[in-house]
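What follows is each chain in one-letter form.
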Amino acid sequence: MEILDYAFMQRALIAALIVGVTAPAIGIYLVQRRQALMGDGIGHVALTGVGLGFLLNTSPVWVATAVAIAGSVVMELIRWYGRTRGDLALAMLFYGGMAGGVMLMNLSDAGSNANLGTYLFGSITTVSPQDMTTIYVLAALVLAITIGLRRQLFAVCQDEEFARVTGLPVRLLNLLVAVTAAVTVTVAMRVVGLLLVSALMVIPVAAAQQISRSFAVTFVVAVAIGVAVTLTGTATSYYVDVPSGATIVLFAIGLFVVFTALAAPLAKKRARAAAEGSEGCTLEVPGSRTAADEVRVAG
């Protein structure tokens with residue numbers, strides 16, 4: 001295949017594969033917690049890290065990771081203690097992160113609008129060997145947490161009170177989900193961009209939920225969808241010369257529409273099978289009584 005003849009496309013496809021696995025892997029927990037837009041907020045904050053990285057003339061990815069983790073911790077603290085002013089505080093954090101990133105990028109000597117665009121909307125063909133090392137390390141961390149602690153994280157995301165009663169460290173696990181989401185954002189920002197990364201964390205999970213009823217099946221199907229759309233979108237962006245991030249997200253939305261269309265007939269088929277199974281269950285009543293069935297009452 002021609003696409004594999006170029007080193008930059010080999011790196012692009014590997015990065016797409018990794019992001020296709022890691023983004024839905026943490027996204028499923030965010031969806032369970034009804035925090036589907038958390039990745040979008042972290043992406044806004046991470047932009048400050050990108051700008052700071054350019055200003056300090058160091059790796060924007062690592063600095064963005066540190067800033068995103070700090071932002072995710074603040075977001076979780078606001079969720080715990082924010083009360084009525086929590087939404088306003090989160091809005092200030094998100095918009096401040098975006099504005100700070102743009103300002104720092106323009107203050108740096110190496111920063112430019114072109115560099116800003118690659119991090120906002122993704123530029124998978126510009127992924128360097130150094131970026132690949134960072135992606136490998138961060139992705140391994142994300143998968144170790146999302147798979148190794150899947151039972152504990154599922155329990156906390158499903159019902160915090162029940163998890164607390166069973167003795168799980170609920171706040172620590174919630175914080176771990178937030179930090180893992182922040183790491184995933186920085187892993188995926190070169191592939192789909194900071195403004196679109198939340199879509200890749202949520203849409204494959206939402207699509208998988210249309211046809212599956214268990215957490216394990218949803219997890220596997222969501223990861224499969226993530227891998228399919230990232231690889232297909234990357235290849236399409238190469239042949240058609242269109243932005244990779246937008247292409248990947250549009251493919252994900254397309255699959256969501258297809259899975260939604262399949263959900264209704266699949267639900268009817270399951271209901272029909274359940275009805276047929278209940279009809280096969282009958283209760284036999286004996287036609288006559290025996291002496292053993294008689295009940296005698298002593299006077």
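Calculation rules
Residues numbered from 1 in each chain as written. Predicted model: local features only at pLDDT ≥ 70, side-chain atom pairs only at ≥ 80, totals over all residues. Heavy atoms only, no water. Helix = DSSP H or I, 4+ residues; strand = E, 2+ residues; numbered from the N terminus. Expected span 1.5 Å × (residues − 1). Buried < 20%, exposed > 50% of the residue type's maximum accessible area, 1.4 Å probe, protein only. Phe/Tyr/Trp six-rings, centres within 6.5 Å; stacked < 30°, edge-to-face > 60°. pLDDT = per-residue confidence, 0-100. Contact = heavy atoms within 4.5 Å. Axes fitted to C-alpha atoms, helices over the stretch in contact; angles between N-to-C directions. Parallel < 35°, antiparallel > 145°, perpendicular 65-115°, else oblique. Nonpolar A, V, L, I, M, F, W, Y, C, P; charged D, E, K, R; others polar.

(A) Spotlight on helix α2 (residues 38-55). With 18 residues, α2 should reach 26 Å at 1.5 Å per residue; the first-to-last C-alpha distance of 26 Å fits that figure. Of all 18 residues that make up α2, 15 are buried, and the element is covered over most of its length. One or two positions beyond α2, positive phi appears at N57, with a value near 55°.

(B) Just the packing of aromatic side chains, in detail. One pass over the structure, following the stated rule, counts four aromatic pairs. Ring plane angle 50° and centroid distance 4.6 Å describe the contact between F154 and F215, whose orientation is recorded as tilted. Taken together, the residues F154 in helix α7 (residues 150-158) and F215 in helix α11 (residues 215-240) connect sequence positions 61 residues apart. Accessibility expressed as a relative area gives 27% for F154, which makes it partly exposed. Ring centres 6.4 Å apart and planes at 45° place the aromatic pair F215 and F219 in the tilted group. Of this pair, F215 and F219 both sit in helix α11, four residues apart, which is roughly one turn of the helix.

(C) Highlighting the confidence of the model for the protein. Averaged over all residues, the pLDDT of the protein equals 81, while 84% of them reach at least 70. The weakest mean pLDDT in the protein belongs to helix α5 (residues 113-121) at 71; the strongest belongs to α11 at 91.

(D) How the structure looks around the environment of V179. Assignment of secondary structure puts V179 in helix α9 (residues 170-188). Considering only alpha carbons, one finds V179 and S72, 107 residues apart in sequence, at a separation of 5.9 Å. Once you skip the residues sitting within four places of it in the chain, V179 turns out to touch I69, S72 and V73.

(E) Seen up close, α7. All buried positions along α7 are accounted for by L153, A155, V156 and C157. Residues of α7 that are buried in the fold lie against α1 (7-32), α6 (129-148), α8 (160-165) and α9.

(F) View of the packing of α6 against α7. In the contact formed by α6 and α7, the axes pass within 5 Å of each other and the chain directions differ by 70°. Relative to α7, α6 is oriented roughly perpendicular. Facing I145, T146, I147 and G148 of α6, the residues of α7 in contact are R150, Q152 and L153. Looking at the contact of α6 with α7, its residues break down into three nonpolar, three polar and one charged.

(G) Up close: the side chain of E76. With respect to the helices and strands, E76 occurs in helix α3 (residues 60-81). For E76, a relative accessible area of 1% puts it in the buried group. Leaving out residues up to four positions away in the same chain, E76 has contacts with R33, M38, N174, L175 and A178.

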